[in-house]
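# Coordinate analysis (summary)
Residues per chain, in single letters:
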Amino acid sequence: MRNQTKTGHTIYTSPLVERNASIEMSELFGTQTKFSVWRWLWLELAKAQKKLGLDIKQNQINQMAKHIEDIDFKKAAKYEKKFRHDVMAHIHTFADAAPKAAPIIHLGATSCYVGDNADLIIMREALQITAEKLAAVIHSLGKFAKKHRDLATLGYTHYQPAQLTTVGKRATLWCYEFVMDLQETEYRLETLPFRGVKGTTGTQASFLELFDGNHTKVKQLDKMVAAAFGFKNTCAVTGQTYQRKIDTLVISSLASIAQSAHKLCNDLRLLANLKEIEEPFEKTQVGSSAMAYKRNPMRCERVTALSRFVLSLASSPAMTASEQWLERTLDDSANRRVVIPEAFLAVDGILQILINVLDGLVVYPKVIEAHIAAELPFMATENILMAAVKAGGNRQELHERIRLHSHAAAIQVKKLGKPNDLIGRLKADIAFSKVNFEKVLDPKNYVGRAPKQVDEFIKNIVEPIRRGYRKNLSRKVELDV
């Protein structure tokens, strides 16, 4: 609660909030949301306890319901300074706002009832936002792939020219990784459990006492509160906290998104160097303070930077989960306060930048064509050989001629810095006089099923996602880039 009263430019604030993450995600991890959810949890606990027969009055419920959002943070800070306990501080702050309910707020609960359950509620909402933005990235990549399904380009293995593919097919490779990330995110959403009403060490002893030893009512209480927050599952068992392995699984899902984003943006940075594809560049944008001609891929660079940050965060929940002693230890708290919000905020920023970049990617077909022209002669030699054999030539003799011409052309390129003249050499050789070079050198003959693979991928993979997220794809994603 320190520094809550300080404003302006005198203290550190997270660049993730200032420069990257959306308002939606930033507010989700703000103190208003957190402590409002705490109050909501106290309200639903009391409502369920009343339904199950505890002596809780309706006017107590009503008063709590009226004060879910109007949190006096200055008062809470004073209470926390006094108690050195944030949950007790907010219990008293809530009790001051709803004095009739003061005797029954937090009845039978432990701090982790509000702390852990609120974290799970907020993480679930954050995962939903993440899923929607992943769908938007997939949608954009699908559009890009379809537009360039036929545009032949050099494939690269080991970052060396390899067999041709198409720009659209390459985009499906990027897209498929995000599809896997979306599937993982959806699985986390589907299976994310509620901690529930489990008591101090997870035994539910306090609630068993409240309900005079009635195990059925204690189990009903757990289910009723979970249902009030829309959770299908509760943790089967807990100690004082829910299993911190859940954090590991969630943050690992975010790290997987960071991997995909890093790979995509590294590829775009390499292609920008080749001048084949560039991220959007505004009319007034400055690439360098010194070199006025530069068009740096700064958005993709920001994505790779944030992605590395998320990948580094992924180890922390794993260490925290492994460090929990017996029913719990408190060395998780300070760590989780940082890691969970920062991971979500960073991934949110990553996805927002990607949506912006992908909707404005610029492709330069003539540059791509020139690169193909420089390499295709070598790649086409097998097809040229087959065409010459079909025209009546001797395979072994033709192979030797191509070998000699290829080495001579390589010297022109590598040692003298001249254009690849292999085709000119072969055309001048009478042994290849019957070869239709225009047909043999058509790049479309070297891309295999790439265009069809694009069509199939969009139909079978992208379109179902578009249908599932149709309402969300129309959402405007704002980003100051």
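Higher on the page you've got the structure.
These remarks concern the structure in this document. Just so it is clear, the model here is predicted, and its values are computed rather than measured.

This next bit is on the pattern of salt bridges. Under the criterion given, the structure shown has 22 salt bridges. Asp86 is paired through a salt bridge with Arg337; the nearest N and O atoms lie 3.0 Å apart. You can see Asp86 sitting in helix 6 (residues 86-97) and its partner Arg337 sitting in helix 14 (residues 333-358), a full 251 residues away along the chain. Across the pair Glu190 and Lys232 runs a salt bridge, and its minimum N-O distance is 3.1 Å. Pair noted here: Glu190 is in helix 8 (residues 167-191) and Lys232 is in the loop between helix 10 (215-228) and helix 11 (245-273), with a separation of 42 residues, a long-range link.

This paragraph deals with the environment of Ser322. Here Ser322 lies in helix 13 (residues 315-323). Note on Ser322: relative accessible area 59%, which makes it exposed. The spatial distance from the C-alpha of Ser322 to the C-alpha of Val17 is 30 Å, given a sequence separation of 305 residues. In this structure the side chain of Ser322 is engaged in a polar contact, spanning 2.8 Å, whose partner is the backbone oxygen of Met319.

Let us now look at the nonpolar core. Side chains that are nonpolar tend, in soluble globular proteins, to be buried together. Trp42, Met64 and Leu354 are the most contacted members of the largest nonpolar core, which totals 134 residues. The element that contributes the greatest number of residues to this core is helix 7 (residues 111-147), accounting for 19 residues. The contacts of Leu354, once residues within four sequence positions are left out, are Val137, Phe178, Ala261, Leu264, Cys265 and Val303.

In this structure, Arg84 takes a positive phi of about 55 degrees despite not being glycine. Mapping Arg84 onto the fold places it in the loop between helix 5 (73-83) and helix 6. The phi torsion at Lys275 lies on the positive side, around 65 degrees, for a residue other than glycine. With respect to the element layout, Lys275 can be found in the loop between helix 11 and strand 3 (277-278). The class of Lys275 is exposed, set by a relative accessible area of 53%.

Quick look at helix 11 now. Taking 1.5 Å per residue as the helical rise, helix 11 with its 29 residues ought to reach 42 Å, and the 42 Å between its terminal C-alpha atoms agrees with that figure. Where helix 11 terminates, the next one or two residues include Lys275, which has phi positive at roughly 65 degrees.

Take the environment of Gly115 next. Summarising the element assignment, Gly115 is placed in helix 7. Distance in space between the C-alpha atoms of Gly115 and Arg337 is 11 Å, their sequence separation being 222 residues.

This brings us to the packing of helix 7 against helix 20 (residues 450-468). Taken N-terminus to C-terminus, the directions of helix 7 and helix 20 make an angle of 155 degrees; their axes are 10 Å apart at the nearest point. Comparing their axes, helix 20 and helix 7 come out roughly antiparallel. Crossing of helix 7 over helix 20 shows left-handed handedness. Contacts from Ala135, Ile138, His139, Gly142, Lys143, Ala145 and Lys146 in helix 7 reach Val454, Ile458, Val462, Ile465 and Arg466 in helix 20. A per-class count over the contact of helix 7 with helix 20 returns seven nonpolar, two polar and three charged.

To continue, consider the layout of surface pockets. Considered as a void within the structure, the second largest pocket measures approximately 540 Å³ in volume. Contributing to the lining of the second largest pocket are 25 residues, with Gly155, Tyr156, Gln163, Thr165 and Arg170 lying nearest its centre. Of all the secondary-structure elements, those providing two or more residues to the lining of the second largest pocket are strand 1 (152-157), strand 2 (160-166), helix 8, helix 11, helix 16 (381-390) and helix 20. Partitioning the lining of the second largest pocket into residue classes produces eleven nonpolar, nine polar and five charged.

With that settled, the discussion passes to the state of the cysteines. The term disulfide refers to a covalent linkage connecting the sulfur atoms of a pair of cysteines. Counted under the stated rule, the structure contains zero disulfides. Looking at Cys112, it has no disulfide partner, and the nearest cysteine sulfur is the one in Cys235, 11 Å off. According to the relative accessible area criterion, Cys112 is buried, its value standing at 6%. Here Cys175 is not disulfide-linked; the sulfur of Cys265 is the nearest cysteine sulfur, at 14 Å.

What counts as what
Residues numbered from 1 in each chain as written. Predicted model: local features only at pLDDT ≥ 70, side-chain atom pairs only at ≥ 80, totals over all residues. Heavy atoms only, no water. Salt bridge = Lys/Arg side-chain N within 4 Å of Asp/Glu carboxyl O. Helix = DSSP H or I, 4+ residues; strand = E, 2+ residues; numbered from the N terminus. Buried < 20%, exposed > 50% of the residue type's maximum accessible area, 1.4 Å probe, protein only. Polar contact = N/O pair within 3.5 Å; in protein donor to acceptor, adjacent residues only side chain to side chain. Core = buried A, V, L, I, M, F, W, Y, C linked by side-chain atoms within 4.5 Å. Contact = heavy atoms within 4.5 Å. Expected span 1.5 Å × (residues − 1). Axes fitted to C-alpha atoms, helices over the stretch in contact; angles between N-to-C directions. Parallel < 35°, antiparallel > 145°, perpendicular 65-115°, else oblique. Left-handed = near helix turned anticlockwise from the far one by under 90°. Nonpolar A, V, L, I, M, F, W, Y, C, P; charged D, E, K, R; others polar. 1 Å grid on protein atoms, 1.4 Å probe; cavity = no way out; pocket = protein on both sides within 12 Å on 5 of 7 lines; lining within 4 Å. Points joined across faces, edges and corners; volume = space filled by probe spheres on them. Disulfide = S-S within 2.5 Å.

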